[in-house]
Amino acid sequence: EGRVEVYHDGKWGTICDDQWDDRDAEVVCRQLGLSGTPKALSWAYYGQGSGPILLDEVQCSGNELSLDQCKKSDWGQQNCDHIEDAGVSCDPFTGNPLVQDPAQLPCMAPTRAARCGGREQGNEGAVRLAGGRSPGEGRVEVYYNGDWGTVCDDGWTDLGAQVVCRQL
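Residues numbered from 1 in each chain as written. Predicted model: local features only at pLDDT ≥ 70, side-chain atom pairs only at ≥ 80, totals over all residues. Heavy atoms only, no water.

In the annotation of an unreviewed UniProt entry, the entry for the protein chain reads NETR protein, and the organism field reads Daphoenositta chrysoptera.

(A) View of the nonpolar core. In terms of nonpolar packing, the biggest core is built from 18 residues, with Val4, Ile15, Trp20, Val58, Leu67 and Val88 touching the most fellow members. Among the secondary structure elements, those contributing two or more residues to this core are helix H1 (22–31) and strand E5 (53–55). In terms of residues, this core owes the most to one element, H1, which gives four residues. Not counting the four nearest positions on each side in its chain, Val58 is found in contact with Ile15, Asp18, Gln19, Trp20, Asp24, Leu67, Cys70, Lys71 and Lys72. (Core = buried A, V, L, I, M, F, W, Y, C linked by side-chain atoms within 4.5 Å. Buried < 20%, exposed > 50% of the residue type's maximum accessible area, 1.4 Å probe, protein only. Helix = DSSP H or I, 4+ residues; strand = E, 2+ residues; numbered from the N terminus. Contact = heavy atoms within 4.5 Å.)

(B) Structural view of the sheet that holds strand E4 (residues 39–41). Within the open sheet, the three strands sit side by side as E1-E6-E4. Their pairing is antiparallel. In this open sheet, the two edge strands, each paired with only one partner strand, are strand E1 (2–3) and E4. Sheet topology note: the E4/strand E6 (residues 87–89) ladder contains three bridges and is antiparallel. Bridged to Lys39 within E6 is Ser89. (Pairing = 2+ DSSP bridges.)

(C) Molecular detail of the pairing of strand E2 (residues 5–8). Across four bridges, E2 lies against strand E3 (residues 11–15) in antiparallel orientation. Within the sheet, the bridge partner assigned to His8 lies in E3 and is Lys11. Between the antiparallel neighbours E2 and E3 lie two residues, among them Asp9 with a positive phi of about 55°.

(D) Representation of the state of the cysteines in the model. Overall, the coordinates contain three disulfides when judged by the stated rule. One disulfide bridge connects Cys60 with Cys70, the sulfur atoms lying 2.0 Å from each other. Of note, the bridge from Cys60 to Cys70 carries an S-S torsion of about 100° and is right-handed in sense. Of this pair, Cys60 sits in the loop between E5 and E6 while Cys70 sits in the loop between E5 and E6, and the two are 10 residues apart along the sequence. Of the two residues, Cys60 and Cys70, both sit in the buried class. (Disulfide = S-S within 2.5 Å.)

(E) Broad picture of the confidence of the model for the protein chain. Taken over all residues, the pLDDT of the protein chain has a mean of 77, while the share at 70 or more is 81%. Scored below 50 in pLDDT, residues 94–121 makes 50 contacts in the model with residues more than four places away or belonging to other chains. (pLDDT = per-residue confidence, 0-100.)

(F) Region of the structure containing the side chain of Asp18. Along the chain, Asp18 turns up in the loop between E3 and H1. The buried charged residue Asp18 lacks any salt bridge partner; its closest oppositely charged side chain belongs to Lys71, at an N-O distance of 13 Å. Each residue touching Asp18, except ones within four places of it in the same chain, is listed here: Asp56, Glu57, Val58, Asn79, Cys80 and Glu84. (Lys, Arg positive; Asp, Glu negative; His and termini not counted. Salt bridge = Lys/Arg side-chain N within 4 Å of Asp/Glu carboxyl O.)

(G) Looking closely at the sheet that holds E2. The strand order E2-E3-E5 describes an open sheet built from three strands, whose pairing is mixed. Each edge of the open sheet is held by one strand with a lone partner, namely E2 and E5. Strand-to-strand twist in this sheet, taken as the mean axis angle between neighbours without regard to direction, amounts to 55°. Pairing geometry for E3 and E5, over two bridges, is parallel. Paired with Thr14 across the two strands is Ile53, which belongs to E5. (Axes fitted to C-alpha atoms, helices over the stretch in contact; angles between N-to-C directions.)

Below, the structure is given as structure tokens:
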């Protein structure tokens, strides 16, 4: 988490928070290789930068791989002061995380595999799809504490599905 700064034409600069939202934050987190719940922060939440403000009016759809692919003003074209520097949190504990502690989810239903001595091997937090008609669809399951379990659909949106698809 922190103030977002970009490098362009040999210099670092900040981004103005005009139009700045969670879809922009999602792209920043992806570009940095960070997971978690993307959250956009405005009004120099992480402090004012110095030097040039390089971007303004950033409007990502949320699916881009980098800010450069988003709709935005031309580099260096802006009408802002540093009090409007944009920030991002990619912290998995901010906002409403896609998957909370599975032990706390009321509709968490552990499923055990028959192989590997009754437990399927997996990495903590890994996801898989089960019961679908093809490998690209099915019930979302998360590996937690040695078991695979389902994910409650309360608050489930297309954004959650996009995250799972990228994780797979």
